[in-house]
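# Tertiary structure, described
Read off the chains here:
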Amino acid sequence: MRAARLPGSGPTRRTVLRGLLLAGTASLASGCVGFATTGAGGTVFLSTQFRPVAEAENFRRFLRKAHLDGVSYVTIEEGPFASQVQSQVSAGRTQVGLLGGSHSDLAPLAGKYLEDVTPVLAGLGERGIPQEYLTLAKAGTPQTWYVPWAQATFVLAAHEEALAHLPPGADPESLTYDQLLDWAIAARQAAGRPLLGLPAGPKGLIHRFLQGYLLPSFTGGQITTFRSSDAVTAWEYLRELWRNCSPSSTNYDFLQEPLASGEVRFGWDHVARLVDAPKQDPGKWRMLPAPRGPKGLGYMAVVLGLAIPKGSTDPEQAQRVITALSAKETQVELLRSNGFFPVVDVEIPRDLPPALQLEADAVRRQRDAQGGILSLLPVGLGTREGEVTKAFKDSFQQIVLGGADIRSTLDKQAGVLRKVFDDLKVPCWAPDPPSAVCEVA
């Protein structure tokens, strides 16, 4: 359907698509593959976030409610996002005004393709954004390349039926991995079946559990410690934990479904994939921080940011949008509409859905825990991220499901990782220490 252009409203949908095509992304040649648009009007906000149709529409309603009607929200996958920005800026034909993405989407664009938003951040005043997030936004430089926007993470969800089987003396809000194993064993023995579930289905996020939780907690790293002796211990632990998990976990993409049905009674997943579990009877549920291992409490933060591309079509409007989306009340509304948590210091209102209330407390406790080990999504890998993810998934398949030798499996998969990093020559990301080129020890 053809979109009419309103006077002074900015580019139409057709103009946006033409600009993206001219930037050189062949995968978008059909005019609709890989992204969706709002239709006509205003500054184009290009984002990797909220791509599913329902989430995108929720966010567009959120923008209208925030009186940002002049913003046209365009979603795109991570790989094409980077190439779009790079090609448009390099050609001097930037077609967008504002960018939104995770740290891993934005950090590789710092400097050459993004404007320094240090003055924008300073203009916001003290918002209580965690210092580690502000440091991330600098991407290892003195400047700030994006304004932290929102956050998500992964936590444990537990029904009271499972909580009844906690090990004696265990504090559910400060568990160790050994206590989690004892809990899973006790629950299985009492119920006559496993009550613990993990998202190990085809679209499940078990690889994020490995990358951001288990391995950092046992080894202190992710890539540099991939084949260490501590990593062998971590995999030995996971084998034992898996023996006490529901065997149907290999079918679980979203853990909230088996949790809600009672098929399992506790488990770990992304906050957005747990939110429906407590709907029927929220008073019987707890959301808990991840367990702690020998090296500390490993956890993964999905940090979203707002950036201005060089040559932005309307940098002043982009700054106004950033300011609006950084307001405390707006951050709470984003949690309400799309389930991503504030990065500013704001009290979570009590009229939110119960699951979000429960998760908000768990997210805060996990982030503020002593000995926390922050992990990030992979940074700078582009289209090669799938190879890194596959190395972790293949390790899980072979070691935990297939019973393969741990040392030889890690050695083999370390070779896969080395090939990627030798080719790309990119630095490591948290929790691994920064270096010129990330290496598998």
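Figured I'd write up the structure that's included with this text. All of these numbers come straight from a predicted model, not from anything done at the bench.

### What about the state of the cysteines?
If you walk through the whole model with that rule in mind, you get 1 disulfide. In this model, Cys428 is linked to Cys438 through a disulfide, with the two sulfur atoms separated by 1.9 Å. Negative torsions about the S-S bond denote left-handed disulfides, and the value of about 85° found for Cys428 with Cys438 makes this one right-handed. Taken together, the positions of Cys428 in the segment after α16 (406–424) and Cys438 in the segment after α16 put the pair 10 residues apart, joining distant regions of the chain. Here Cys428 and Cys438 have matching classes, each one buried.

### Some remarks on the nonpolar core
Nonpolar side chains tend toward joint burial in soluble globular proteins. Core analysis: the largest hydrophobic core is formed by 138 residues, its most contacted members being Trp149, Trp183, Trp235 and Phe266. Here this core gets 8 residues from one element, more than from any other, and that element is helix α10 (residues 229–242). For Trp235, the residues in contact, after removing those within four places along its chain, are Leu210, Leu215, Phe392, Ser395, Phe396, Ile399, Val400, Ile406 and Leu410.

### Examining the packing of helix α8 (residues 177–191) against α10
With their axes 9 Å apart at the nearest point, α8 and α10 run at an angle of 20° to one another. The orientation of α8 relative to α10 falls into the category roughly parallel. Seen from above, α8 lies across α10 with left-handed handedness. Note on element contacts: α10 touches α8 through Tyr237, Glu240 and Leu241, opposite Tyr177, Asp178, Leu180, Leu181 and Ala184. Its residues assigned to classes, the contact of α8 with α10 shows 6 nonpolar, no polar and 2 charged.

### Quick look at helix α14 (residues 354–368)
Over its 15 residues, α14 extends 22 Å from the first C-alpha to the last, a length consistent with the 21 Å expected when each residue adds 1.5 Å. Burial in α14 covers these residues: Ala355, Leu356, Gln357, Glu359, Ala360, Ala362, Val363 and Gln366.

Criteria and cut-off values
- Residues numbered from 1 in each chain as written.
- Predicted model: local features only at pLDDT ≥ 70, side-chain atom pairs only at ≥ 80, totals over all residues.
- Heavy atoms only, no water.
- Disulfide = S-S within 2.5 Å.
- Helix = DSSP H or I, 4+ residues; strand = E, 2+ residues; numbered from the N terminus.
- Buried < 20%, exposed > 50% of the residue type's maximum accessible area, 1.4 Å probe, protein only.
- Core = buried A, V, L, I, M, F, W, Y, C linked by side-chain atoms within 4.5 Å.
- Contact = heavy atoms within 4.5 Å.
- Axes fitted to C-alpha atoms, helices over the stretch in contact; angles between N-to-C directions.
- Parallel < 35°, antiparallel > 145°, perpendicular 65-115°, else oblique.
- Left-handed = near helix turned anticlockwise from the far one by under 90°.
- Nonpolar A, V, L, I, M, F, W, Y, C, P; charged D, E, K, R; others polar.
- Expected span 1.5 Å × (residues − 1).

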